[in-house]
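Results of the structural survey
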Amino acid sequence: MKSKEFIRGTIRTIVLKLLSDKKRMYGYEITQHVAELSKDQIKLTYGALYPILYKLEDEALLVTSTEIVDNRARKYYSLTPKGKEIAIEKVSELQKFAETLKIILRPSPSANLSPVWNQ
Amino acid sequence: MKREHIDLIENYLDQQGLTFKPLRVEMKDHLIGDLEAQIENGVSFEKAWELITGEIPNHHFKNLQQEVMDTLNKKFNPSRAFSYLSLILIFTLVLFKILHFPLLGILLLATFGSIGATLFSGAVFSLYPFKNKKESLLLLGVVIGIGLFLLSFFAQIKGLPGVAPLRTTSVVILLILFPTIILYLGQKGNNEEYILTHIHKNNSPGIERFLLILLVLAVGLRLVSIAFESTPDVSNVLLFLVIGGAGLHFFALNWHSNKHDQGRQSWWLQAGLVFGFICFILPILNNVVLSYNIRIVVAACFYLIAGLIILARLNKHINRTIALTIVIVVSMFHIVWLLINLNILDPSLNSVIFNLMYMLFLLGALIYTNKHKMFYAYMTMVFARYMLEYPNQLGLW
């Protein structure tokens, strides 16, 4: 699954989910984790990830903390209490949506033409 | 990563037009992470650099920055609304003053009220997602201290009673809280982001814009007052506000540097900040509490200490020799001014420090330092103070 249009609508929930699993993460770590979990099917670009992180921070769903690691500043993101509630809600919504999509996209018996060709 | 690799990344981010510091810090960390992952797989730095930057379109980071800035600016923020209201009120105040309209007192009260509301709503609004009660209380204490100062300032201008107790309470609150915060952040070290630094960092661009507009208005009104030989009261108020605001901003910027300049943190810098703050805040005390002579000595000490703090915290955007020259010239102004006002030097020496060349030098220094936030805040204070004294010292009023 490489299409940007599918990813765009779900990044927010993906980020919230990852941060609810881990106490805190930094930008690069999030992209690596997503790539690993999706077996390199989803690659988050800078332009896709960071505006979402800033938006979530602006909505008070995330807070940041900065640490000096290997002589450079690293910004970590973690969920606020409100962010944790929203994460549960959004993940549940997306799961339901994925189930619905699965039902819709399930091959319909009438559309299965193979028996016709086999005749 | 070698130093030259880091420089290459910094130059690349410059080329990409990425100037918003929080995002720049993240992009740098992300790029280094990508590069290190490639290098760990046996790819040379040069090849890894080519691979990674080859995937990034031109001005990608600039566009990303624009998107982030749009996000940050879109959301309704009561503090921002109050800051716009404050600016409108200040513009109206200046206009009314120039046109000799009545109601200046009410406008001034409304302006101070609006500035207080900006600070208070900004603090409360920003505190909402945080749970750290200690830091929240520290921040609210600072806002109350500043609010009491504004109230006492208004009472002083309007000749109302209660100036001394209000001013003294404000000074005591700020004297306790600011050094506490400096030491608190200093002790906690560099490893976390604190509410105070987070809120100040987010509001920094707004604070700087506000101070700049105030300074331009004050200087403009000053020139109008000189040209039309009218009283300089409103421009005095604005210049005092610039000095106070830029001073507090200067110390708040030091909270960030305490966190990030890990290697440079030392006890003398902490002590300098605490002592510098004491010297900054004591001169605003009323004459009844502290005599004029003591206050001007303390104020001069503040500018000298602040200059030293600046020199200890220079960054690559500022040339060290130019910075040293600026600090020396600024210090000379304060020392000569002090000695004249203590009647140690002859008042005729005012012409040495109050002249067009000196003013243009300070203005040039103000413009030059705009890439170093702390230096810029310092020069804003210095220029406002210079403009406050300039016409008085030359007997123009």
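Small disclaimer: the values here were computed from a predicted structure and weren't measured.

What about the overall build of chain B?
If you tally the helices and strands in chain B, you get 16 helices and zero strands. Put simply, chain B has 397 residues, and 52% of those count as buried. The contacts of chain B with a sequence gap of at least 6 include a subset with a gap of at least 24, amounting to 73%. Of the roughly 18,700 Å² of accessible surface on chain B, 66% is carried by carbon and sulfur atoms.

Comments concerning the overall build of chain A
Counting its regular elements, chain A contains six helices and three strands. When its helices and strands are written in sequence order, chain A yields α-α-β-α-α-β-β-α-α. Sorting the 119 residues of chain A into buried and exposed places 42% on the buried side. Of the contacts made within chain A by residues no fewer than 6 positions apart, 45% connect residues no fewer than 24 positions apart. Surface summary for chain A: the accessible area is close to 7,400 Å², and the carbon and sulfur share equals 57%.

Structural notes on the confidence of the model for chain A
For chain A, mean pLDDT is 84; residues scoring 70 or higher make up 87% of the total. Across chain A, strand 1 (residues 25-26) of chain A holds the top mean pLDDT of 94, while helix 6 (residues 114-118) of chain A sits lowest at 53.

Comments concerning unusual backbone geometry
You will see that K39 of chain A, though not glycine, has its phi angle at about 50°, which is positive. We note that N343 of chain B has phi near 60°; this positive angle belongs to a residue other than glycine. As for its position among the elements, N343 of chain B is in the loop between helix 13 (320-341) and helix 14 (350-353). With a relative accessible area of 67%, N343 of chain B lands in the exposed category.

Regarding helix 3 (residues 27-37) of chain A
Three or more residues of helix 3 of chain A are buried, namely G27, Y28, I30, T31, V34 and A35 of chain A. Seen from one end, helix 3 of chain A has its buried residues packed into an arc of 165°, which puts them on one side. Exposed positions of helix 3 of chain A whose direction lies more than 90 degrees from the buried face are E36 and L37 of chain A. Considering only its buried residues, helix 3 of chain A is in contact with helix 2 (11-21), strand 1, helix 4 (46-58) and strand 3 (72-79) of chain A together with helix 2 (21-40) of chain B.

Overview of the packing of helix 3 of chain A against helix 2 of chain B
Two elements in contact, helix 3 of chain A and helix 2 of chain B, have axes whose closest approach is 8 Å; the angle formed by their N-to-C orientations is 50°. When the axis of helix 3 of chain A is compared with that of helix 2 of chain B, the two are oblique. Across the interface between the two elements, G27, Y28, T31 and Q32 of chain A from helix 3 of chain A touch H30, G33, D34 and A37 of chain B from helix 2 of chain B. Its residues placed into classes, the contact of helix 3 of chain A with helix 2 of chain B shows two nonpolar, five polar and one charged.

Quick notes on the interface of chain A and chain B
Interfaces are frequently sized by the accessible area removed from exposure as the parts join. The interface is formed by 30 residues belonging to chain A together with 36 residues belonging to chain B. Each partner contributes to the roughly 2,800 Å² buried at the junction of chain A and chain B, and carbon and sulfur atoms together form 58% of this total. Considering only the side of chain A, the residues that lose the most area to chain B are Y28, Y46 and Y54 of chain A, jointly responsible for 27% of the buried surface there. For the salt bridge of D29 of chain B with R72 of chain A, the shortest nitrogen-to-oxygen distance reads 2.6 Å. Joining chain A to chain B, the criterion identifies nine residue pairs in polar contact (both at pLDDT 80 or more). Of all the elements in the fold, those that place two or more residues in the side of chain A that touches chain B are helix 3, helix 4, strand 2 (62-69), strand 3 and helix 5 (81-105) of chain A. The dominant element in the side of chain A that touches chain B, judged by the number of residues it contributes, is helix 4 of chain A, at eight residues. When its residues are assigned to classes, the side of chain A that touches chain B shows 12 nonpolar, eight polar and 10 charged.

A few points about the pairing of strand 3 of chain A
All names here are of chain A. Of all eight residues in strand 3, eight are buried, a share of seventy percent or more. A two-sided burial pattern is seen for strand 3, the buried positions comprising R72, R74, Y76 and S78 on one face and A73, K75, Y77 and L79 on the other. Sheet topology places strand 1 next to strand 3; two bridges connect them, and they run antiparallel. Within strand 3, the position partnered with M25 by the bridge is Y77. Here eight bridges tie strand 2 to strand 3, and the two strands are oriented antiparallel to one another. Of the residues in strand 3, the one forming a bridge with T64 is Y77. The antiparallel pairing of strand 2 with strand 3 creates a hairpin that spans two residues between the two strands, and D70 there sits at a positive phi of about 50°.

Some words on the sheet that holds strand 1 of chain A
Residues and elements named next belong to chain A. Spatially, the three strands line up as an open sheet ordered 1-3-2, and their pairing is antiparallel. Sheet topology places strand 1 and strand 2 at the edges, where each strand pairs with a single neighbour. Docked against the sheet, helix 4 engages strand 2 and strand 3, running at close to 55° with respect to strand 3.

Quick word on the pattern of salt bridges
All names here are of chain A. Across all of its chains, the model carries 18 salt bridges over all chains by this definition. One salt bridge connects E93 with K90, and the closest N-O pair in it is separated by 3.7 Å. On the criterion of helical spacing, the pair formed by E93 and K90 is a turn pair, its members being three residues apart in helix 5. Look at K90 and you get partly exposed, because its relative accessible area is 26%.

Details of the nonpolar core
Residue and element names in this part refer to chain B. With 102 residues, the main nonpolar core has F250, F251, F375, Y378, M379, M381 and Y386 as its most contacted residues. Ignoring anything within four residues of it in the chain, the contact list for Y378 reads F250, Y303, A306, G307, I310 and V330. One finds I6, I32, F61 and V68 within the second-largest nonpolar core, a separate group that totals 42 residues.

What counts as what
- Residues numbered from 1 in each chain as written.
- Chains lettered and ligands numbered in written order.
- Predicted model: local features only at pLDDT ≥ 70, side-chain atom pairs only at ≥ 80, totals over all residues.
- Heavy atoms only, no water.
- Helix = DSSP H or I, 4+ residues; strand = E, 2+ residues; numbered from the N terminus.
- Buried < 20%, exposed > 50% of the residue type's maximum accessible area, 1.4 Å probe, protein only.
- Contact = heavy atoms within 4.5 Å.
- Areas by Shrake-Rupley, 256 points an atom, 1.4 Å probe, with all protein chains shown as cover.
- pLDDT = per-residue confidence, 0-100.
- Arc of directions from axis to C-beta.
- Axes fitted to C-alpha atoms, helices over the stretch in contact; angles between N-to-C directions.
- Parallel < 35°, antiparallel > 145°, perpendicular 65-115°, else oblique.
- Nonpolar A, V, L, I, M, F, W, Y, C, P; charged D, E, K, R; others polar.
- Buried area = accessible area lost by both parts, 1.4 Å probe.
- Salt bridge = Lys/Arg side-chain N within 4 Å of Asp/Glu carboxyl O.
- Polar contact = N/O pair within 3.5 Å; in protein donor to acceptor, adjacent residues only side chain to side chain.
- Pairing = 2+ DSSP bridges.
- Core = buried A, V, L, I, M, F, W, Y, C linked by side-chain atoms within 4.5 Å.

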